[in-house]
Amino acid sequence: MNLFFPAFRAEVAKLLTTRIWWILAIILLVYIGFVSGGLGALFGFLSKSGDEQPQGAPPMEILAPMLYGSVSTFGYVFPVLLGALAVTSEYRHRMLTPTFLATPKRGMVLGAKSATLLIFGAIYGVVGVLASVGAGAGVLALFGLDTQLDNSDTWAMVGRAVLALALWAVIGVGLGALIPNQVAAIVVILAFTQFVEPTLRAVTMFAGWAASIGRFLPGAASDALVGAPSLFNTGAAGTGAEPFEWWQGGLLLAALALVLTVVGYFVSWKRDVT
Amino acid sequence: MPTGVPIEFAGVSKRFGSVAAVSDLSFRVEPGRVTGFLGPNGAGKTTTLRMLLGLVTPTAGSATIGGVRYRDLLSPLSSVGSALEAASFHPGRTARNHLSVYAKAARIDSKRVPIVLETVGLSAHADRRVGGYSLGMRQRLGLAFALLGDPGVLVLDEPINGLDPEGIKWIRGFLRQLAAEGRTVLISSHLLSEVQQSVDDVVIIARGALVHRGPLSSLEIEGAATRVIVDSPNREQLMAALTAASVSFDVARAGILVSGLEPGQVGHIAFSAGVEVSSLHRQKSGLEDSFLAMVGQGGSL
């Protein structure tokens, strides 16, 4: 155990001494700011343009949490990418040699990486929250709508969003160990998060039995953890399966991270470094 | 001053699928000496070194440093310093940051970082990204990594590859100095001529198996007949004198190559014939010849 803390410090230094972590953080900030602000402006405009509740728009009381929750609904791909890159760059740049020379206990290195990414994922969560709450609340205030910033439920949800992004970064570590090829890992992550999972979730919303499986999808678990109304559960109310409790969603994400990391350890991490 | 401990390979073998990369290799590397680990490309040198460092798991046998396996060392980088390949750097990280990352991991005082950068002559480039480094600079940074923990044992894979002539001269002297301080120094190379000026002992492998080990001089005895290079401002006269003494010789650009005689005997012939001699020395190529004869057995490469 006496090598864990040094390995952890080295992993933090590895992330801080290359550029990718703040490049991704800036993209996250801009993207989430744009999404939250943009959606806020759209629904704010709709709410002002007519007296009636506009067709298809979410009810006003869930608008604020939906905008603030966009940090996890739209932003979770960024910590996953950071976690996967932290692992795959070790393979790509043949860094495992010096890494394992300095810390020959390989499981400790992987553990230190997961711990590091948990913290960086939380930092991404804070960055994303700054964007989603900053832009969302700003736009809502502009339209004279309730920002719900004085509501403790809002801040509890924001805290759970930070936890979700932290867990996603650890999932990225496991994915990187499972798919050491950097290009393949990025392609799989983007394809799954941007296409496969949204499609599956849309499909499983239409039948009760499917929905009870669909809630096990990682993105659904993440939404359950955060508890923010998202585009997926606003449209499909009353189609059967209850979504998970927030702590169940969190446990599902943590279990996914653990399983991916352990499998990745045996598939690639403990192999010969040639 | 850290002192070296012996490196011991005991029946080490490694198979990659059906390919036997290293077979039943046993030898010992002593402290206080520079040992050259030689063999042609693909002989299994790098695999052997990686097994010593715990990066590759041997199929059979064990490799230890002072009796301890690498992964059981309490402070690995302070016990064994190694430089394995020139490409092991993140291109976006500076040399200083590269070293400080691993100093942190190995609990080495960060004050060592500027010291080793100075030692290998990279201080002026320490804050440049490694992506822009030349091969020679990467070699130097690899060496700086090896020296980070001021270890008693150094394992360097092809450390001379890619260095400029000045760098080669420097590293030869540096390796001698490390051994003189009592450290164990193991360097691999596919060229004997590259390391013969710096090594005390040689371990030669071919196709994964040991073919020779012993002091460098052991190659001379087993090697081809020594030759003497002699030259004169008046070559015609010298050749006439050698012919008269019924000595067989070849004419080369560097001088006249005489086989089967000691330099003193050749000098005596020239002196007796009253021929002025401008150079007279023993040719070193005997070592390379016997090295090639050993590794060439059975048509490796």
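Coordinates for the structure precede this section.
Residues numbered from 1 in each chain as written. Chains lettered and ligands numbered in written order. Predicted model: local features only at pLDDT ≥ 70, side-chain atom pairs only at ≥ 80, totals over all residues. Heavy atoms only, no water.

**Structural notes on empty space enclosed by the protein**
Throughout the structure, instances matching the rule amount to one cavity of 30 Å³ or more. Roughly 50 Å³ of internal volume is contained in the largest cavity. Every residue lining the largest cavity is listed: A7(A), A10(A), E11(A), K14(A), T99(A), T103(A), V109(A), V101(B), Y102(B) and A105(B). Those elements that provide at least two residues to the lining of the largest cavity are α1 (4-16) of chain A together with α3 (95-105) of chain B. (1 Å grid on protein atoms, 1.4 Å probe; cavity = no way out; pocket = protein on both sides within 12 Å on 5 of 7 lines; lining within 4 Å. Points joined across faces, edges and corners; volume = space filled by probe spheres on them. Helix = DSSP H or I, 4+ residues; strand = E, 2+ residues; numbered from the N terminus.)

**So, the interface of chain B and chain A**
Counting residues at the interface gives 33 residues for chain B and 29 residues for chain A. Summed over both sides, the interface of chain B with chain A buries roughly 2,800 Å², with 58% coming from carbon and sulfur. The tally of links between chain B and chain A comes to two salt bridges. Note that D272(A) is salt-bridged to K14(B), the shortest N-O span being 2.7 Å. Here chain B and chain A share 13 residue pairs in polar contact (both at pLDDT 80 or more) between them. Of all the elements in the fold, those that place two or more residues in the side of chain B that touches chain A are β1 (7-16), α2 (76-79) and α3 of chain B. The dominant element in the side of chain B that touches chain A, judged by the number of residues it contributes, is α3(B), at six residues. For the side of chain B that touches chain A, the class distribution of residues is 16 nonpolar, eight polar and nine charged. (Contact = heavy atoms within 4.5 Å. Buried area = accessible area lost by both parts, 1.4 Å probe. Salt bridge = Lys/Arg side-chain N within 4 Å of Asp/Glu carboxyl O. Polar contact = N/O pair within 3.5 Å; in protein donor to acceptor, adjacent residues only side chain to side chain. Nonpolar A, V, L, I, M, F, W, Y, C, P; charged D, E, K, R; others polar.)

**So, the pattern of salt bridges**
Residues and elements named next belong to chain B. Under the defined criterion, the tally for this structure stands at 18 salt bridges over all chains. The partner of R176 in a salt bridge is D200, with the nearest N and O atoms 3.2 Å apart. Residue R176 is located in helix α6 (residues 165-180), and its partner D200 is located in the loop between α7 (192-195) and β8 (201-206); the two are separated by 24 residues in the primary sequence. Close ionic contact of R235 with D231 constitutes a salt bridge, the shortest N to O distance being 2.9 Å. Exposure remark for D231: the relative accessible area of 13% places this residue in the buried category. (Buried < 20%, exposed > 50% of the residue type's maximum accessible area, 1.4 Å probe, protein only.)

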